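# Summary of structural features
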Amino acid sequence: MTSILVNDPEGVRHFLISNSANYRRPPSIRRVAVPLGGSGLFMAEGAEWRRQRKLMAPTFTPSSISVLVPHFQEAARHLLQGVEGKPRVNLSRAFQDTALEAVLRALFSMPDHQAREQLSSLVRSYVEGAGRPGLFDGFATSEESFGFVLGKRKRFQAKWFAAIAGIIARRKAEPKLAGHHDLLDLLVELKDAETGEILSDNEIRDQSATMIFAGSETTARLMFWQRTCWRSTRTSNGGFMTRLRPFHPIVSKRLMISRTGRGYAMSC
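A few points on the structure. (Residues numbered from 1 in each chain as written. Predicted model: local features only at pLDDT ≥ 70, side-chain atom pairs only at ≥ 80, totals over all residues. Heavy atoms only, no water.)

## Description of the packing of aromatic side chains
- Considering all chains together, one arrives at 7 aromatic pairs under this definition.
- Seen in terms of ring centroids, Tyr126 and Phe156 are 4.3 Å apart; in terms of plane orientation they differ by 20°. Their pairing is stacked. Of the two residues, Tyr126 sits in helix α7 (residues 113–127) while Phe156 sits in helix α9 (residues 151–173), which places them 30 residues apart along the sequence. The burial state of Tyr126 is the same as that of Phe156; both residues are buried.
- Chaining the aromatic ring pairs together yields one cluster made of Tyr126, Phe156 and Trp160.
- We note Arg25 situated over the ring of Phe42; from NZ or CZ to the ring centre the distance is 5.1 Å. (Phe/Tyr/Trp six-rings, centres within 6.5 Å; stacked < 30°, edge-to-face > 60°. Helix = DSSP H or I, 4+ residues; strand = E, 2+ residues; numbered from the N terminus. Buried < 20%, exposed > 50% of the residue type's maximum accessible area, 1.4 Å probe, protein only. Lys NZ or Arg CZ within 6 Å of the ring centre and 35° of its normal.)

Rendered as structure tokens:
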């Protein structure tokens, strides 16, 4: 199968908007992604994708995102505390755990470590187990092809969706607090300005699952790749630190980058 990486803005626009009907995700992708991300924005296509995108747009305005910053800061603080003083750290795993923690905090205001760890373990068990693409996925012509190998994925999906649905149900049963505190608040109150349409419980569940799946995995890979770029670069790092300091005091105080013979080494 030939793959093409598109990163030019006009190419992305052509692929996602102008000529989106010409492109479909192959069954091999859907077989792996749908049990974890449901039928949310990441997996929707065509008219359904356009409907969801329009409905979800208010969730990602600057004012909405600013509500989430404290959640991201706490996840970053937890990462720094976790690696401090250790001579060797598996940064790939650390970044995966931190990205997942950030998403769970921002989505569900989930500061409780035990509750986060339960969901995190569930996601990791899928990504490292049944969610790994296999030989049959490569030969599949539909999502249901070779059904005898899909049992573990379906059992995971049932357990995963039930866990998220439980969180949503508990939130809806709680007294309403003033203002928005996380993404779930925003999803529950989303309403189409023209039609008055709101998200059903299943749609809220799928959008939540999509954010956990797409947000944590891509963010973790980006952080690890950026870390690799920092280490391999041989240019001056002064400009980088100048841009970094305004974001948060804890970063400028505890993040140090020193030049070595092979590039840059980062420590906390």
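## Examining α9
- Taking 1.5 Å of rise per residue, 23 residues should cover 33 Å, and α9 covers 33 Å from first to last C-alpha, within 8% of that figure.
- Taken together, the buried positions of α9 are occupied by Arg153, Phe156, Trp160, Phe161, Ile164, Gly166, Ile167, Ile168 and Arg171. (Expected span 1.5 Å × (residues − 1).)

## Some words on the packing of α7 against α9
- Where α7 meets α9, the axes come as close as 11 Å, and the angle between the chain directions of the two elements is 160°. Classed by the angle they form, the pair α7 and α9 counts as roughly antiparallel. In terms of crossing hand, the pair formed by α7 and α9 is left-handed. Each of Leu119, Leu122, Val123 and Tyr126 in α7 lies in contact with α9, whose residues at this interface are Arg153, Phe156, Lys159, Trp160, Ala163 and Ile167.
- Classifying every residue of the contact of α7 with α9 gives 8 nonpolar, no polar and 2 charged. (Axes fitted to C-alpha atoms, helices over the stretch in contact; angles between N-to-C directions. Parallel < 35°, antiparallel > 145°, perpendicular 65-115°, else oblique. Left-handed = near helix turned anticlockwise from the far one by under 90°. Contact = heavy atoms within 4.5 Å. Nonpolar A, V, L, I, M, F, W, Y, C, P; charged D, E, K, R; others polar.)

## Overview of the nonpolar core
- Residues Phe108, Trp160, Leu187 and Ile212 are the most contacted members of the largest nonpolar core, which totals 37 residues.
- If you list the elements that add at least two residues to this core, you get α2 (27–37), α3 (46–56), α6 (91–108), α7, α9, α10 (183–189) and α11 (201–232).
- When near neighbours in sequence (up to four residues on either side) are disregarded, Leu187 contacts Met56, Thr59, Leu107, Leu199, Ile204, Gln207, Ser208 and Met211. (Core = buried A, V, L, I, M, F, W, Y, C linked by side-chain atoms within 4.5 Å.)

## As for the packing of α2 against α7
- At their nearest, the axes of α2 and α7 sit 11 Å apart, and the two run at 170° to each other. Classified by the angle their axes make, α2 and α7 are roughly antiparallel. Residue-level contacts link Arg31, Val32, Pro35 and Leu36 of α2 to Val123, Tyr126 and Val127 of α7.
- A class-by-class count of the residues in the contact of α2 with α7 yields 6 nonpolar, no polar and 1 charged.

## Considering a nonpolar patch on the surface
- Taken together, the side chains of Ile4, Val6, Val12, Phe15, Leu16 and Ile17 define a hydrophobic patch exposed on the protein surface, amounting to about 530 Å² of accessible area.
- Along the polypeptide, Phe15 turns up in helix α1 (residues 9–18). (Patch = residues over 30% accessible without salt bridge, like charges linked within 9 Å, V, L, I, M, F, W, Y side chains within 5 Å. Areas by Shrake-Rupley, 256 points an atom, 1.4 Å probe, with all protein chains shown as cover. Salt bridge = Lys/Arg side-chain N within 4 Å of Asp/Glu carboxyl O.)

## Points about the environment of Arg153
- The residue Arg153 is located in helix α9 in this model.
- Taking the C-alpha atoms as reference, Arg153 lies 8.0 Å from Val32; in sequence the two are 121 residues apart.
- When residues no more than four places from it in sequence are discounted, the contact partners of Arg153 are Arg31, Val32, Pro35, Tyr126, Ala130, Arg132, Pro133, Gly134 and Asp137.
- A polar contact is formed between the side chain of Arg153 and the backbone oxygen of Arg132, at a distance of 3.2 Å. (Polar contact = N/O pair within 3.5 Å; in protein donor to acceptor, adjacent residues only side chain to side chain.)

## Focus: the pattern of salt bridges
- Applying the stated rule across the entire model yields 21 salt bridges.
- In this structure, Arg105 engages Glu101 in a salt bridge whose closest nitrogen and oxygen atoms are separated by 2.8 Å. Taken together, the residues span about one helical turn, with Arg105 and Glu101 both in helix α6 at a distance of 4 residues.
- When its relative accessible area of 12% is taken as the criterion, Arg105 is described as buried.
- For Glu101, a relative accessible area of 6% corresponds to the buried category.
- Here Lys172 makes a salt bridge to Asp201, at a shortest N to O gap of 2.3 Å.

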